[in-house]
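Residue-level listing of the chains:
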Amino acid sequence: MIIAIDGTLASGKGTIAKRLSAWLELPHMDTGRLYRATGVAALQQEVDFDDPCALADVAQNLDLNAYDEAELRTAEAGLAASRVAAVPAVRAALLDLQRRFAHQPGGAILDGRDIGTVVCPEADLKLWVDADVETRATRRWKELTEKGETLSLDDMIAQLKERDERDKSRADAPMIAAADSVLIDTTHLTIDAAVDKARAAVEAVIAQKSERSEP
Ligand code: C5P
């Protein structure tokens, strides 16, 4: 089974993906990590962010093991990620890796922005996870301040709006809910309640599949 989980930043999609992965014993890829690593590598190598070929080269030669989680989770890495993600050549360089991961025997769970629309339009289940911008900014701000970052909540809201806008308005693979996705709005949900909704959607797909396979 292939499960595509897309949605906005700090909507809870990553946590839902991890919990479904543990429950279903399916491998999980956080595809944002690919863009974050590309952004961080480009910053470290002082690559010109206006040079699509140089950025694609960074993506093509990415060593995902070269970065620790903390390095990839900073606000700076997130902003760099959303800039490199707007470059079609970067997206193309990372596509095959994601598709191969999705199509491994038994399937997989991928979370990102364009999994249901571009990477795996054939996914068995597509979830779109979202929440209002203030709620998402407050979640991410708490996470980052606990790690010692010193930005204000207002700055966080502004950054989130900037990243949402860039992700939505890019010409290639814009962040958009697939028409056949199941919406989970986590604004007023605990993470357990959001995961329960996701599990119910998975169970509905499993039931449909077994109905179809019955003689
Ligand atoms: O999900 P995360 O915040 O780690 O993603 C970082 C950035 O990577 C996003 O803001 C988005 O610009 C980009 N991204 C993307 N497509 C994906 C996953 C992430 O464009 N499938």
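A short tour of the structure in this document, coming up. (Residues numbered from 1 in each chain as written. Predicted model: local features only at pLDDT ≥ 70, side-chain atom pairs only at ≥ 80, totals over all residues. Heavy atoms only, no water.)

A short note on the overall build of the protein
What the protein contains, in helices and strands, is ten helices and five strands. Its C-alpha atoms give the protein a radius of gyration of 17 Å, within 12% of the compact-globule value 17 Å for 215 residues. Projected onto its principal axes, the C-alpha coordinates of the protein cover approximately 60 × 35 × 30 Å. Here the analysis covers contacts within the protein between residues at least 6 apart in sequence; of these, 77% occur between residues at least 24 apart. With the model as given, the accessible surface of the protein reaches about 10600 Å², and the carbon-plus-sulfur share is 51%. Positive and negative side-chain charges of the protein, numbering 26 and 38 respectively, have mean locations separated by a distance of 3 Å. (Helix = DSSP H or I, 4+ residues; strand = E, 2+ residues; numbered from the N terminus. Rg over C-alpha atoms; globule rule 2.2 N^0.38 Å. Contact = heavy atoms within 4.5 Å. Areas by Shrake-Rupley, 256 points an atom, 1.4 Å probe, with all protein chains shown as cover. Lys, Arg positive; Asp, Glu negative; His and termini not counted. Charge placed at Lys NZ, Arg CZ, Asp CG, Glu CD.)

Examining the pattern of salt bridges
This structure, assessed with the given rule, holds 14 salt bridges. Between E69 and R73 there is a salt bridge, with its nearest N and O atoms 3.4 Å apart. E69 sits in the partly exposed class, given a relative accessible area of 39%. Across the salt bridge formed by D167 and R170, the nearest N and O atoms sit 3.3 Å from each other. D167 gets classed as buried once you look at its relative accessible area, which sits at 5%. Classification of R170 as buried rests on a relative accessible area of 8%. Bridged by salt links that share partners, the residues D30, R33, E69 and R73 form one connected network. (Salt bridge = Lys/Arg side-chain N within 4 Å of Asp/Glu carboxyl O. Buried < 20%, exposed > 50% of the residue type's maximum accessible area, 1.4 Å probe, protein only.)

Focus on the site of the ligand
Around the ligand sit 17 residues, and of these R36, R91, R113, D114 and D167 come closest. Contact between the ligand and K13: an oxygen atom at 3.4 Å from a side-chain N or O atom of the residue. Between a nitrogen atom of the ligand and a side-chain N or O atom of T31, the distance comes to 3.0 Å. With the chains in place, 98% of the 450 Å² that the ligand exposes on its own is no longer accessible. (Near = heavy atom within 4 Å. Polar contact = N/O pair within 3.5 Å; in protein donor to acceptor, adjacent residues only side chain to side chain.)

Some remarks on the sheet that holds strand β1 (residues 2-7)
Pairing is parallel across the open sheet formed by five strands, whose spatial order is β2-β3-β1-β4-β5. Each of the sheet's edge strands pairs with one partner strand only, and the pair in question is β2 (28-30) and β5 (182-185). Each adjacent strand pair in this sheet contributes to an overall mean axis angle of 20 degrees, direction not counted. Bridging between β2 and strand β3 (residues 108-112) involves three bridges; their strand directions are parallel. Within β3, the position partnered with D30 by the bridge is D111. Packing against the sheet, helix α6 (residues 88-102) makes contact with β1, β2 and β3, and its axis sits at approximately 145 degrees to β3. (Pairing = 2+ DSSP bridges. Axes fitted to C-alpha atoms, helices over the stretch in contact; angles between N-to-C directions.)

Some words on unusual backbone geometry
Despite not being glycine, E25 shows a phi value in the positive range, around 55 degrees. Topologically, E25 is positioned in the loop between α1 (13-24) and β2. The backbone of A173 shows a phi angle near 50 degrees, a positive value even though the residue is not glycine. With respect to the secondary-structure elements, A173 resides in the loop between α9 (153-169) and β5. Judged by relative accessible area, which is 9%, A173 ranks as buried.

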